[in-house]
Amino acid sequence: MKLAERMSRLGTETAFEVLARAGQLEAEGRDIIHLEIGQPDFQTPEYIIEAAHKALKDGYTGYGPSAGLPEARERYAQYLNDTRGTDYDASEIVITPGAKPILFFGILALVNEGDEVIVPNPGFPIYESVTEFVGATAVPAPLREDREFRLDPEELASLVTDRTRLIILNSPHNPTGSMLTMEDLEAVAEIAMEHQIMILSDEPYSKMVYDGEFHSIAEIDGMKDLTILLEGFSKTYAMTGWRLGYAGMRADLAAQIAKLQTNCTSCTASFIQIAGIAAYDGPQDESEAMMAAFEERRDIMVEGLNKLPGVSCLSPAGAFYVFPNVTGTGIDSKVLAGRCLEEAGVAVLSGTAFGRYGDGYLRLSSANSIENINEALDRLSALLGG
Ligand code: PLP
């Protein structure tokens, strides 16, 4: 079989590979604590499940418009406006099976071969993968610990060339948990407006905020039409497997992204879009309780990690990951991630799974119980001789 040449440029998410290896070890009888995957360990709130049942019984079982059901587009637009102070209307929303397809469609729609896309590094690996897949170059914008892993706008400005088509932002950030301040966003907006560069602002962790205030670049005057603002239900409502996400963007671009969806998935499952409306309309206390649980676990993880020899860990402002610096252990981060799994039975990711600026770090997810997190910390302590 001869694969298309572009397939050699497509990357993947290491988290899924580590999950598979952990599964193999479990099949051999090993006890593994999973801190590798970014998936809430909670069940979707019951009222959302009931809304999906009802929608199925009400006949939401057929194809719908590619951009999404009108009532869902309207409700999701309202949610963005309520949480970001924007003024999206339904025509500016495209609903997709998860937020992830918007990354794919957005890059396909905007980026030509030979163009450049500036991506956070460390960062969600799909940004670079899809950029390279379309024949463009992913230009890493380093996120460094001395800026609490927040993008440095001055450095960003120095990376812009006449081939830059897109800048990807992700705040709160996977894998470091950093969150951009309003000042950071204003500096990025200035660069985007000066060069008329589109921003893809990936904001699925907007509700997982523990310190400081969440802001979106789309709320800055003049930025809404230069931004694709990505939101989803996976993290906020523990709905990863439902596959429901969406984005706000100018209406003419929304029509193009919808056309990509017509060519790919046709539409997002209708009853699931209705369940998404219910998620927003219903009581938020369960979602808020999940977010509070992630904050408590963050604190336990950060404290525990800082007690390990050779490890230091900032307290992340948002998302549900911690990103400890492990250079003091003298062990290469990739080797250490492997040893955590094979020797200690704790599945974690090497920071290098998120790009070369992740070297020297591990990523641990707090999507596990406090009991398991404490057990994992004990095991890591034994591994590192703490
Ligand atoms: N963007 C980031 C930064 C993520 O971490 C994830 C999921 O892990 C996604 C997008 C995709 O989320 P969804 O499940 O909505 O496709």
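Residues numbered from 1 in each chain as written. Predicted model: local features only at pLDDT ≥ 70, side-chain atom pairs only at ≥ 80, totals over all residues. Heavy atoms only, no water.

Considerations on the site of the ligand
In step 1: If you check the shell around the ligand, you find 13 residues, and the closest are Asp-202, Tyr-205, Ser-234, Lys-235 and Arg-243.
In step 2: Here Tyr-205 contributes a side-chain N or O atom positioned 2.6 Å from an oxygen atom of the ligand.
In step 3: In the complex, the protein chains occlude 93% of the 390 Å² of accessible area that the ligand would expose alone. (Near = heavy atom within 4 Å. Polar contact = N/O pair within 3.5 Å; in protein donor to acceptor, adjacent residues only side chain to side chain. Areas by Shrake-Rupley, 256 points an atom, 1.4 Å probe, with all protein chains shown as cover.)

Notes on the nonpolar core
In step 1: The biggest cluster of nonpolar side chains holds 52 residues, and the ones touching the most others in it are Leu-166, Leu-169, Ile-217 and Ile-228.
In step 2: Grouped together as the second largest cluster of nonpolar side chains are 28 residues, Met-239, Ile-274, Ala-275 and Ala-279 included. (Core = buried A, V, L, I, M, F, W, Y, C linked by side-chain atoms within 4.5 Å. Buried < 20%, exposed > 50% of the residue type's maximum accessible area, 1.4 Å probe, protein only.)

A look at the domain arrangement of the protein chain
In step 1: Under the domain assignment used here, the protein chain contains domain 1 (5-43 + 285-384) and domain 2 (60-281).
In step 2: The partner domain 2 presents 37 residues to the 38 residues of domain 1 that form the contact.
In step 3: Applying the counting rule to domain 1 against domain 2 returns two salt bridges.
In step 4: Residue Lys-100 is joined to Glu-13 by a salt bridge in which the shortest nitrogen-to-oxygen separation is 2.6 Å.
In step 5: There are 21 residue pairs in polar contact (both at pLDDT 80 or more) connecting domain 1 and domain 2.
In step 6: Residue assignment for the side of domain 1 that touches domain 2 shows that the elements contributing at least two residues are α10 (285-306) and β9 (321-322).
In step 7: Sort the elements by how many residues they give to the side of domain 1 that touches domain 2 and α10 lands first, with six residues.
In step 8: Here the side of domain 1 that touches domain 2 is composed, by residue class, of 19 nonpolar, twelve polar and seven charged. (Domains from an automatic or database assignment. Contact = heavy atoms within 4.5 Å. Salt bridge = Lys/Arg side-chain N within 4 Å of Asp/Glu carboxyl O. Helix = DSSP H or I, 4+ residues; strand = E, 2+ residues; numbered from the N terminus. Nonpolar A, V, L, I, M, F, W, Y, C, P; charged D, E, K, R; others polar.)

Structural notes on the pairing of strand β2 (residues 93-96)
In step 1: Covered by surrounding structure in β2 are Ile-93 and Ile-95 together with Val-94 and Thr-96, the residues of both alternating faces.
In step 2: Pairing of β2 with strand β8 (residues 245-248), which is carried by four bridges, proceeds in the antiparallel orientation. Along β8, the bridge assignment pairs Ile-95 with Tyr-246. (Pairing = 2+ DSSP bridges.)

Some thoughts on the side chain of Asp-202
In step 1: Following the sequence through the fold, Asp-202 ends up in strand β6 (residues 198-202).
In step 2: For the buried Asp-202, no salt bridge exists, and the shortest N-O distance to an oppositely charged side chain is 8.8 Å, to Arg-84.
In step 3: Those residues in contact with Asp-202, other than ones at most four positions away along the chain, are Leu-103, Phe-124, Tyr-127, Leu-169, Asn-170, Ser-171 and Leu-230. (Lys, Arg positive; Asp, Glu negative; His and termini not counted.)

Here we look at the packing of aromatic side chains
In step 1: Counted by the stated rule, this structure contains 18 aromatic pairs.
In step 2: Between Tyr-76 and Tyr-246, the aromatic rings sit 4.8 Å apart at their centres with planes inclined by 40 degrees, giving tilted as the arrangement. Residue Tyr-76 is located in helix α3 (residues 70-84), and its partner Tyr-246 is located in strand β8; the two are separated by 170 residues in the primary sequence.
In step 3: With centroids separated by 5.9 Å and ring planes inclined at 55 degrees, the aromatic side chains of Tyr-205 and Phe-320 adopt a geometry described as tilted. (Phe/Tyr/Trp six-rings, centres within 6.5 Å; stacked < 30°, edge-to-face > 60°.)

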